[in-house]
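# Reading the structure
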Number of protein chains: 2
Amino acid sequence: MRGLILFAHGARDPGWAAPLQATVARVQALQPDVPATLAFLEFLAPTLEAAAAQLAERGCTHIEVLPLFLGAGGHVRKDLPERLNALKSQYPALHWQLRPAVGESPRLIEAMALAALDAPPPQP
Amino acid sequence: MRGLILFAHGARDPGWAAPLQATVARVQALQPDVPATLAFLEFLAPTLEAAAAQLAERGCTHIEVLPLFLGAGGHVRKDLPERLNALKSQYPALHWQLRPAVGESPRLIEAMALAALDAPPPQP
């Protein structure tokens, strides 16, 4: 069974994660049979490892980690592959896959361009 | 004339900004008459202030700043309004508007959810 970890940076302000929580809710609405969870690099819970344990417990055998980052910098290119390698060692029976940073998806680039050109909200 | 500053975090790895450069290029393709430029909080150039000067010089009178952040944390909620207030003082004849973080746009949430469910690329 496929499982998805949407791995985001995290921030001190918990409201920061609201759009990411909305994203996971939308994923679950579109595909209720694919368990999906957020995980965070810092400030917010769960960690990548806790999210992985949760999906493994739910019976996921193919776990994909999607970095919710606009670009691929050090966190995505270096830290995340290292942590995924540790998970591979810890759960050798599971199949792990690191996906590209979500911002690199043509879907995101198009959505950001259209959002940029949206009419601005009325000023207070 | 409307002008757009797409304000992103920045990263040490210049490749990080590639999807954001693609976004600005797409904005310009969709609306060649709306000057648009990236600006960065750190690591990459130009700064917000340099981007603002550039758009003012090109004749923009209504400048919108769109934070290319997935969520609104301290950078978007505190630092950016302060810097925008300084720009308002510096260019009182221009009309400035701070847009919500791009990640809060329903367009982005939908695009991230669909991207999460895309088939993963073949493994090496």
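Residues numbered from 1 in each chain as written. Chains lettered and ligands numbered in written order. Predicted model: local features only at pLDDT ≥ 70, side-chain atom pairs only at ≥ 80, totals over all residues. Heavy atoms only, no water.

## Notes on the packing of helix α2 (residues 48-57) of chain B against helix α3 (residues 74-90) of chain B
All names here are of chain B.
- Between α2 and α3, the least distance of the axes is 11 Å, while the angle of their chain directions is 40°. With respect to their mutual orientation, α2 and α3 come out oblique. Here α2 and α3 pass one another in a crossing that is right-handed. For the pair α2 and α3, contact is made by Leu48, Glu49 and Ala52 and by Leu80, Arg83 and Leu87, respectively.
- Looking at the contact of α2 with α3 residue by residue, the classes come out as four nonpolar, no polar and two charged. (Axes fitted to C-alpha atoms, helices over the stretch in contact; angles between N-to-C directions. Helix = DSSP H or I, 4+ residues; strand = E, 2+ residues; numbered from the N terminus. Parallel < 35°, antiparallel > 145°, perpendicular 65-115°, else oblique. Left-handed = near helix turned anticlockwise from the far one by under 90°. Contact = heavy atoms within 4.5 Å. Nonpolar A, V, L, I, M, F, W, Y, C, P; charged D, E, K, R; others polar.)

## A few points about the packing of aromatic side chains
- Throughout the structure, instances matching the rule amount to four aromatic pairs over all chains.
- Here the aromatic rings of phenylalanine 7 of chain A and phenylalanine 69 of chain A are separated by 6.2 Å at their centres, their planes lie at 25°, and the arrangement is stacked. With phenylalanine 7 of chain A in strand β1 (residues 2-8) and phenylalanine 69 of chain A in the loop between β3 (62-68) and α3 (74-90), the pair connects residues that are 62 residues apart, well separated along the chain.
- For phenylalanine 7 of chain A, a relative accessible area of 1% corresponds to the buried category.
- The buried category is assigned to phenylalanine 69 of chain A, whose relative accessible area is 9%.
- With a centroid separation of 5.8 Å and an interplanar angle of 50°, the aromatic rings of tyrosine 91 of chain B and tryptophan 96 of chain B are classed as tilted. (Phe/Tyr/Trp six-rings, centres within 6.5 Å; stacked < 30°, edge-to-face > 60°. Buried < 20%, exposed > 50% of the residue type's maximum accessible area, 1.4 Å probe, protein only.)

## Regarding the sheet that holds strand β4 (residues 95-98) of chain A
All names here are of chain A.
- Read across the open sheet, the four strands follow the order β2-β1-β3-β4; overall the sheet is parallel. Two strands lie at the open edges of the sheet, namely β2 (36-40) and β4, each paired on one side alone. Between one strand axis and the next, the sheet turns by 25° as a mean value, whatever way the strands run.
- Direction of pairing for β1 relative to β3: parallel, over a ladder of seven bridges. Pairing of leucine 6 across the sheet is with leucine 66, part of β3.
- Each of β1, β2 and β3 touches helix α1 (residues 18-30); the most contacted strand, β2, lies at about 160° to it. (Pairing = 2+ DSSP bridges.)

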